[in-house]
Amino acid sequence: MLDLLIRNVRIVDAVGDDCIASAPSFLGVHDGRIACIGLMQDLDATIHAAAKDRDGDGSLLTPGFIDCHTHLVYAGDRAREFDLRLRGASYEEIARAGGGIRSTVKLTREADERALFLASARRLKELMRHGVTTVEIKSGYGLSLDHELKCLRVARLLGERFPIEVRTTLLAAHAVPPEFDGQADAYIDEVVQRIIPEAKRQGLADAIDAFCETIGFSPQQTRRVFDAAQAAGLPVKLHAEQLSNQHGAALVAEYGGLSADHLEHLDEAGIAAMAKAGTVAVMLPGAFYFLRDTKLPPIDLLRRHRVPMAVSTDCNPGTSPCTHLPLMMNMACTLFRMTPAEALLGVTRHAAKALGLQATHGTIEVGKWADLCLWNVDQPAELAYAIAGSPLAGRFHHGLEHAL
């Protein structure tokens, strides 16, 4: 017997690239996973017998949205820096003057786990109200053993307390902390010798990330982080080619990385390396917009090389204070000229691959987790078309519907 039957829905399964809605269909769930899919004309009494029956009333049914790049756990805000940028200060100037990531590090270190949990939970609930059923949460605002682990514990707790899948990423190599001023190599020693092994030992990290950039870490230092991740048996991803071309995309591809993210300054050699490795390109239009960037990521080249493109909020206090993933879909279309179908795949199938979850998440197929969204829209393109509100009519995590 089915636990749940969802009927009278038009399914966008995200298996194909066109994202076309089906004719009126049904979907059955058993033990949290998709058990059967079919057209309404084929729904018989045997299948109809279910513990719970949900009439979709013609709604669109998609995979649950996946936000595959966030910095959700942090304290405070950076509204003052927003003002400074509008007055002409650059991202690099603010960072070098002690602002940027460091200002958030100070506040995050001062916050205890309860305060961090409460602040982060508010942001998480906003993501969920816009259809997110899986989210990646990075550390990176602790920049010490104790505080990085604190942030990862909070991220894990969010996944335990809310009906959402949380994947955690250790981003200790996000910036050089103040106590290591002028000693970036020494801080990388700390990351590779203590922080990565301890995060692995405590089971707090699902992946390792780094910020490879002129104001972050060099390719050589990033390689050391990746070597330590490899030794710990953890997959890698990378903030790459956001402000300049450091050839980070090719580097993370060399390690079989899950994703390379930002990529405004990506070149064709890096794209070819990503294509060969199966590394996903994660588009972060919120940061592009917020920083008033003008260098577009090479979308046409990524298409030509058939590199999967994910789309994410990059939710963070400094460069993308956003918890509205459908708005990021709109920005991916309007700013980067992705198609609505590409944007939808970017928050479902390709986002799942960017987290290494493609076997269980991201598409509507028998055997996958029943993480699903019902939308009051007529066509899939509307999900990337609207820039306010949310047409979400139902959100299911592992087959259970939860209040919006």
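Residues numbered from 1 in each chain as written. Predicted model: local features only at pLDDT ≥ 70, side-chain atom pairs only at ≥ 80, totals over all residues. Heavy atoms only, no water.

1. A closer look at the overall build of the protein chain
Right, on to step 1. Looking only at helices and strands, the protein chain has 16 helices and 16 strands in total.
Right, on to step 2. The globule rule puts the C-alpha radius of gyration for 404 residues at 22 Å, and the 21 Å found for the protein chain is close to it.
Right, on to step 3. Dimensions along the principal axes, computed over C-alpha positions, put the protein chain at roughly 70 × 40 × 40 Å.
Right, on to step 4. Relative to its full complement of 404 residues, the protein chain shows a buried share of 59%.
Right, on to step 5. Of the contacts formed within the protein chain by residues at least 6 apart in sequence, a portion of 72% connects residues at least 24 apart.
Right, on to step 6. Accessible surface for the protein chain amounts to roughly 15600 Å². Of this, 51% is attributable to carbon and sulfur atoms.
Right, on to step 7. Placing the 41 positive and 50 negative side-chain charges of the protein chain at their respective mean positions leaves the two points 3 Å apart. (Helix = DSSP H or I, 4+ residues; strand = E, 2+ residues; numbered from the N terminus. Rg over C-alpha atoms; globule rule 2.2 N^0.38 Å. Buried < 20%, exposed > 50% of the residue type's maximum accessible area, 1.4 Å probe, protein only. Contact = heavy atoms within 4.5 Å. Areas by Shrake-Rupley, 256 points an atom, 1.4 Å probe, with all protein chains shown as cover. Lys, Arg positive; Asp, Glu negative; His and termini not counted. Charge placed at Lys NZ, Arg CZ, Asp CG, Glu CD.)

2. Concerning the side chain of Glu 81
Right, on to step 1. Relative to the elements of secondary structure, Glu 81 occurs in helix 2 (residues 79-86).
Right, on to step 2. We classify Glu 81 as buried; its relative accessible area is 8%.
Right, on to step 3. There is a polar contact of 2.8 Å between the side chain of Glu 81 and the backbone nitrogen of Gly 100.
Right, on to step 4. Ignoring any residue separated from it by four or fewer positions in sequence, one finds Glu 81 in contact with Ile 94, Gly 99, Gly 100 and Ser 103. (Polar contact = N/O pair within 3.5 Å; in protein donor to acceptor, adjacent residues only side chain to side chain.)

3. Some points on the sheet that holds strand 9 (residues 207-210)
Right, on to step 1. One open sheet holds the 4 strands; their spatial order is 6-7-8-9, and the pairing between them is parallel. This sheet does not close on itself; its edge strands, each paired only once, are strand 6 (65-67) and strand 9. Ignoring strand direction, the axes of neighbouring strands in this sheet form an average angle of 25°.
Right, on to step 2. Direction of pairing for strand 8 (residues 165-173) relative to strand 9: parallel, over a ladder of 3 bridges. Along strand 9, the bridge assignment pairs Ala 173 with Ala 210.
Right, on to step 3. Relative to the sheet, helix 7 (residues 184-201) contacts strand 8 and strand 9, its axis offset from that of strand 8 by approximately 155°. (Pairing = 2+ DSSP bridges. Axes fitted to C-alpha atoms, helices over the stretch in contact; angles between N-to-C directions.)

4. Quick notes on the UniProt feature "binding site: 4-imidazolone-5-propanoate" (unreviewed entry) in the protein chain
Right, on to step 1. Within this numbering scheme, the UniProt entry marks Arg 78, Tyr 141, His 174, Gln 242 and Thr 319 as carrying the feature "binding site: 4-imidazolone-5-propanoate" (unreviewed entry).
Right, on to step 2. Residue position: His 174 is located in the loop between strand 8 and helix 7.
Right, on to step 3. In this structure His 174 touches His 71, Ile 101, Gly 140, Tyr 141, Leu 143, Phe 211 and Phe 217, once residues within four positions along its chain are discounted.
Right, on to step 4. At a separation of 3.0 Å, a polar atom in the side chain of His 174 contacts the main-chain carbonyl oxygen of Gly 140.
Right, on to step 5. Residue position: Gln 242 is located in the loop between strand 10 (237-240) and helix 9 (248-254).
Right, on to step 6. Apart from residues no more than four positions distant in its own chain, Gln 242 is found in contact with Phe 211, Glu 213, His 262, Leu 263, Glu 264, His 265, Ala 287, Leu 291 and Asp 293. (UniProt positions renumbered as here; feature names shortened; annotations may be inferred.)

5. Notes on the environment of Val 105
Right, on to step 1. Checked against the element boundaries, Val 105 lands in helix 4 (residues 101-110).
Right, on to step 2. Distance from Val 105 to His 147, taken between C-alpha atoms, is 9.2 Å for residues 42 residues apart in sequence.
Right, on to step 3. Setting aside chain neighbours within four positions, we find Val 105 in contact with Gly 140, Tyr 141, Gly 142 and Leu 143.

6. Looking at the sheet that holds strand 10
Right, on to step 1. The strand order across the open sheet built from 4 strands is 10-11-12-13, with neighbouring strands paired in parallel fashion. At either margin of the open sheet sits one strand with a lone partner, and together these are strand 10 and strand 13 (309-311). With strand direction ignored, the average angle separating the axes of adjacent strands in the sheet is 25°.
Right, on to step 2. Here 4 bridges tie strand 10 to strand 11 (residues 259-262), and the two strands are oriented parallel to one another. Bridge pairing in strand 11 places Leu 238 opposite Ala 260.

7. Let's talk about the packing of helix 7 against helix 8 (residues 219-232)
Right, on to step 1. Where helix 7 contacts helix 8, the two axes come as close as 10 Å, and the packing angle between them is 15°. Comparing their axes, helix 8 and helix 7 come out roughly parallel. Of the two elements, helix 7 crosses helix 8, and the hand of that crossing is right-handed. Residue-level contacts link Ala 184, Asp 185, Ile 188, Asp 189, Val 191, Val 192, Ile 196 and Lys 200 of helix 7 to Gln 221, Arg 224, Val 225, Ala 228, Ala 229 and Ala 232 of helix 8. (Parallel < 35°, antiparallel > 145°, perpendicular 65-115°, else oblique. Left-handed = near helix turned anticlockwise from the far one by under 90°.)

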